Amino acid sequence: MFDSFTPQLLELFATSLGETLLMVGLSGAIGALLGLPLGVYLHLSSRGGVLEHLTLNRLVGTTVNAVRSTPFIILLVAIIPFTRLVTGSSIGTAAAVVPLTLAAAPFIARLIETALREVDHGLVEAALAMGASTRQIVFKVLLPEALPGIVAALTITLVSLTGYSAMAGAIGGGGLGDLGIRYGYQRFLPEVMAAVVLVLIVFVQVVQSAGDALVRRLSHK
């Protein structure tokens, strides 16, 4: 069974793992940079929020929901022209980061909005009574109080991106998904497919366990 794991294939396996880590890490980081302020704005502009603006809130919320409701494989194909414009190519690891980021940002935004809703509104009212600015409310009250929920949201996002990155391999996105399809499926090497699945399971377990541990630590502070 393990005869097919030649040194060349093992080297390719290591390279593919590195590509998956790069895709997930980079798209998760950029998605967080985009999704965090988006989620904060959705919370602030909602009914009863510090910056209440229901029209803009509905507009932004509808856009976020539209992207979130689009199946990733369709999003992957639909934005190929944009991906090619940004990266100069529609295949490869760098190209896969673009749709992964676009999928992650609205997902993170909604999770961040949910985490901020859990913050006691009395704290915000107290800060407003003391003359705190919107910036101070966000960085001194909302984000610190919602930090455990934010970490949990980012953990969920990284786990989801792991599955999406494997899906990106279906159109030449690189990573473990591409390896599993080219060798496990197209070359009829089920042991390679099984190894890819096992590595992805271990990776997800590590990410989830680390995220849960960090959430527990932050919650006890």
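Everything numeric here is computed off the predicted structure, so don't read it as measured data.

**Notes on the pattern of salt bridges**
Thought 1: Enumeration according to the criterion identifies 3 salt bridges in this entry.
Thought 2: The salt bridge partner of E113 is R110, with a shortest N-O separation of 2.6 Å. Here the residue E113 and the residue R110 both occupy positions in helix α5 (residues 93–117), the gap between them amounting to 3 residues, near one helical turn. In terms of burial, E113 and R110 fall into one category: buried.
Thought 3: In this structure, R117 and E113 form a salt bridge, with 3.0 Å as the shortest nitrogen-oxygen distance. Highlighted residues: R117 and E113, both in helix α5, separated by 4 residues, approximately one helical turn.

**Comments concerning the side chain of H43**
Thought 1: Position of H43 among the secondary structure elements: in helix α1 (residues 7–44).
Thought 2: For H43, a relative accessible area of 17% corresponds to the buried category.
Thought 3: H43 has contacts with G49, E113, L116, R117 and L142, leaving out every residue within four places of it along the chain.

The rules behind the values
Residues numbered from 1 in each chain as written. Predicted model: local features only at pLDDT ≥ 70, side-chain atom pairs only at ≥ 80, totals over all residues. Heavy atoms only, no water. Salt bridge = Lys/Arg side-chain N within 4 Å of Asp/Glu carboxyl O. Helix = DSSP H or I, 4+ residues; strand = E, 2+ residues; numbered from the N terminus. Buried < 20%, exposed > 50% of the residue type's maximum accessible area, 1.4 Å probe, protein only. Contact = heavy atoms within 4.5 Å.

By themselves, these observations are geometric and do not establish any function.
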